[in-house]
Amino acid sequence: MTGRSRAERSVLLAVCALTTFLGAALSFDLQPLVGRYLLPQLGGAPGVWVSCLAFFQVALFVGYLAVHVLTRRLSLRSQLLTLTLVLIAVIVRGPLVLAPVAEDAALTPVTAVCSFLLTQIALGYLALAMTAPLVQRWYALASEREPYVLYALSNAGSMLGLLAYPFVIEPRLDLSTQARAWSWLFYGYAFLLVLSGVLSLRARPAQRVATLNASTVSCAARRRRALAWIALAAAPSALLVATSNHITVDVAPTPLLWVVPLALYLATFIDAFARLRPQSVELWSGLLIAGTVALPVLLMPGNQARLPLLLFVPLATLFAGAMVCHRKLAELRPEPADLTTYYVMIAAGGALGGGFAAFVAPLIFLDRYELVLSLLAIYALQFTFSRRADRTQAPTGRERLSWLGFGLAVPVLLATLWVQTHALGRPGHVLARTRNFFGPLQVLDTTRTRILIHGRTDQGQALRAPGHSRDPIGYVGPDTGVGRALTLHLRGTPRSLGVVGLGIGALAAYAEHADTLRFYEINSDVITLARRYFDFIGKSGATNITIATGDGRLLLEREHRHFDVLVLDVFSSDAVPPHLLTVEAFALYANHLAQGGVLVTNVSNRHLRLERVVLGSARANHLACVILETPDDEAHGL
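Residues numbered from 1 in each chain as written. Predicted model: local features only at pLDDT ≥ 70, side-chain atom pairs only at ≥ 80, totals over all residues. Heavy atoms only, no water.

S.K.: It is not clear to me how the overall build of the chain should be interpreted in this structure. Could you clarify?
M.R.: A count of helical and extended segments in the chain gives 19 helices and nine strands. With 638 residues in all, the chain has 58% of them scored as buried. Summarising the internal contacts of the chain: among those between residues at least 6 apart in sequence, 77% fall at separations of at least 24. Working note: accessible area of the chain is about 26600 Å², and carbon and sulfur atoms make up 63% of it. (Helix = DSSP H or I, 4+ residues; strand = E, 2+ residues; numbered from the N terminus. Buried < 20%, exposed > 50% of the residue type's maximum accessible area, 1.4 Å probe, protein only. Contact = heavy atoms within 4.5 Å. Areas by Shrake-Rupley, 256 points an atom, 1.4 Å probe, with all protein chains shown as cover.)

S.K.: Even after reading the chapter, I still don't get the sheet that holds strand β9 (residues 593–601), so can you show me in this structure?
M.R.: Hydrogen bonds along the backbone pair up the strands of a sheet, which may run parallel or antiparallel. Read across the open sheet, the five strands follow the order β7-β6-β5-β8-β9; overall the sheet is parallel. Whereas interior strands pair on both sides, the edge strands pair on one side only; in this sheet they are β7 (544–549) and β9. Taken pair by pair, the neighbouring strands of this sheet meet at an average axis angle of 15°, ignoring direction. Both strand β5 (residues 496–500) and strand β8 (residues 563–568) contribute to a ladder of four bridges, which runs parallel. Paired with Leu497 across the two strands is Val565, which belongs to β8. (Pairing = 2+ DSSP bridges. Axes fitted to C-alpha atoms, helices over the stretch in contact; angles between N-to-C directions.)

S.K.: Can you help me understand the sheet that holds strand β3 (residues 449–454) in this one?
M.R.: Reading across from one edge, β1-β2-β3-β4 is the order of the four strands in this open sheet, with antiparallel pairing throughout. Looking along the sheet, the strands with just one partner apiece sit at the ends: β1 (429–436) and β4 (457–463). Ignoring which end each strand starts from, the neighbouring axes of this sheet average 15° apart.

S.K.: Whenever I open this one, the nonpolar core confuses me. Can you help?
M.R.: Generally speaking, soluble globular proteins have nonpolar side chains that are buried together. Counting residues in hydrophobic clusters, the biggest one holds 139 residues, and the most contacted among them are Leu38, Leu117, Ile121 and Phe186. Ranked by residue count, the leading element in this core is helix α4 (residues 109–143), at 19 residues. Leave out the neighbours within four places in its chain, and Phe186 touches Leu26, Leu87, Val90, Ile91, Pro95, Gly124, Ala127 and Leu128. With 33 residues, the next largest nonpolar core counts Val476, Val482, Ala485 and Val526 among its residues. (Core = buried A, V, L, I, M, F, W, Y, C linked by side-chain atoms within 4.5 Å.)

S.K.: Before we go on, may I ask you to explain the packing of aromatic side chains in this structure?
M.R.: Geometrically, a pair of aromatic rings is defined through the distance of the ring centres and the angle of the planes. In this structure the tally under the stated criterion is 17 aromatic pairs. Centre to centre, the rings of Trp182 and Phe186 are 5.6 Å apart; their planes meet at 25°, and the pair counts as stacked. With Trp182 and Phe186 both in helix α6 (residues 175–202) and four residues apart, this pair spans about one turn of that helix. Each member of the pair, Trp182 together with Phe186, is buried. Linked through ring pairs, Tyr64, Trp229, Tyr342 and Tyr343 together constitute an aromatic cluster. (Phe/Tyr/Trp six-rings, centres within 6.5 Å; stacked < 30°, edge-to-face > 60°.)

S.K.: It is not clear to me how the packing of helix α10 (residues 282–299) against helix α13 (residues 370–386) should be interpreted in this structure. Could you clarify?
M.R.: For any two helices packed against each other, the geometry comes down to the angle between their axes and how far apart the axes lie. At their nearest, the axes of α10 and α13 sit 12 Å apart, and the two run at 160° to each other. What the angle tells us is that α10 and α13 run roughly antiparallel. You can see that α10 and α13 cross each other, and the crossing is left-handed. For the pair α10 and α13, contact is made by Ser285, Leu288, Ile289, Thr292, Leu295 and Leu299 and by Leu371, Val372, Leu375, Ile378, Tyr379 and Gln382, respectively. Taken together, the residues that form the contact of α10 with α13 break down as nine nonpolar, three polar and no charged. (Parallel < 35°, antiparallel > 145°, perpendicular 65-115°, else oblique. Left-handed = near helix turned anticlockwise from the far one by under 90°. Nonpolar A, V, L, I, M, F, W, Y, C, P; charged D, E, K, R; others polar.)

S.K.: Explain the packing of helix α2 (residues 47–73) against α4 here, please?
M.R.: Relative orientation of the contacting elements α2 and α4 amounts to 40°, with a least axis distance of 7 Å. By the criterion of interaxial angle, the relationship of α2 to α4 is oblique. For the element pair α2 and α4, the recorded crossing hand is right-handed. Each residue belonging to the contact of α2 with α4 can be placed in one class, and the counts come to 24 nonpolar, three polar and one charged.

S.K.: Would you mind showing me how to read the pattern of salt bridges here?
M.R.: When the charged atoms of two side chains with opposite charge come close together, those side chains can pair. This model, assessed by the stated rule, comprises 13 salt bridges. Note that Arg464 is salt-bridged to Asp445, the shortest N-O span being 3.7 Å. Of the two residues, Arg464 sits in the loop between β4 and α15 (481–488) while Asp445 sits in strand β2 (residues 439–445), which places them 19 residues apart along the sequence. By relative accessible area, which is 7% here, Asp445 ends up buried. A cluster of three or more residues bridged by salt bridges with shared partners is formed by Asp445, Arg450 and Arg464. (Salt bridge = Lys/Arg side-chain N within 4 Å of Asp/Glu carboxyl O.)

Put into structure tokens, the structure is as follows:
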């Protein structure tokens, strides 16, 4: 090898590495950026991020498939020309265009998310998705070396871009500035990508293409191996989406809680492909079993686990499960001839697993069964790949842990699935169950009360005793802050009352004959259940009650109403949509208050100190504040 050829290969490696790293960083910075943009437009629901996550996994598969077709059908020169045309189209249109989400009553929230991403983001993300396999292919042709180190570098870039968003970018830059900065970095990435292709062409690898495309594996073996790649990628991908949904529904849909599960998921890819040799998984198998045994406790209704435990157990389980699958996936990596097929199958598995958990599961399941099902799939894969043809030797540590998982963790998961399926875990009779984009709901009859449950949290309860079904109890009882405000403020005069968040409609009990009451509720299933199973709306004393369907903040921005009392009581399970508690949101609420009006906000939460956020936003808008804390009184339903 001459000094010049060594220098050329060093330059090629440096450019390919930088291109791969920057493309991955931009790709994974784009995901939380777009999710953050869409969140307030779709009610701050956890389903926004889950839908985005699954869409990007599907788009990644399309990008990898495009690379596979290009490299099989076109010369390197034609591949470079095709990719250059795609980049030009992206740059002419604008790399990142944050247009408003289409307001179409025919669109569900999921289809609204996907429609926006498909029309505004997909082409630019497709170019980014093609980077890793295409640059690795070019590098393998030009250098005759294994390119998997670039795959690990790609995942490292993904990790950096992902973690930079909640800790560096979002706290310092507004969304429009973020979009401009991202676009300028995309221009630099496009230049590096074209340069990578040009340098690969200069290495004149044409004579090596035929060798690289010649596989020595039989067709039957390749099919079996492809199925293994898909399965090993699908199970942890489904677990990622299910875990992200679980923690954001029960805590808060914020970029930080979006990023952490995805960062852990990427870390397992980095670890698996950074060292290209068989690696032990005994430690991670043990952690997976421990997490699996502990996780069902957190899935039970009404669990009182503290926030650190609520986050640590599912995240540790996700990390261990993904590590087990991805290390095996790295062990089964193919020769360079099947490189693009390998990446297509990995992306296909990711799209299938993520798409199932995000899009299919809410349609066919009444509860979040996908978390348990994805763990069962991982145990099935672990058991399958730990089996050996030679049974005369003593079992390995991997085999022992596989059997332990089947003997201990799998029965626990099956029992959890049975409990979820039969809606057990609470004393009482289930009257109705439903699930949509905003999460699972159920109406439960106990001995004394009827309860609406969203996720794991009670969202309102009514007494079942005859003549008392309209008595407000629980956190809206007469002695609570909201009860006092609606009972005492301007009592005896016609009032205009507004409530953001319907629940069971219990606050309608405080409306009098001359009052006007308007609810704002984004979840149509909540409206249906409140009308069908509770008496507060149908038997309210107010003669004028309206329910506006949609995100409360967005609806208020379009209206010119003024309220004597405006109540903010919006929850998704135990999480509050963050866009409803900002300084700007409170400015909007203040503008909708009549002279001397009162804004009442629920700050009760098991995990977060919401009163600090509310006080800060209220004081920033020069609102006088008071916190009323009502002691528990189970005898009176408080």
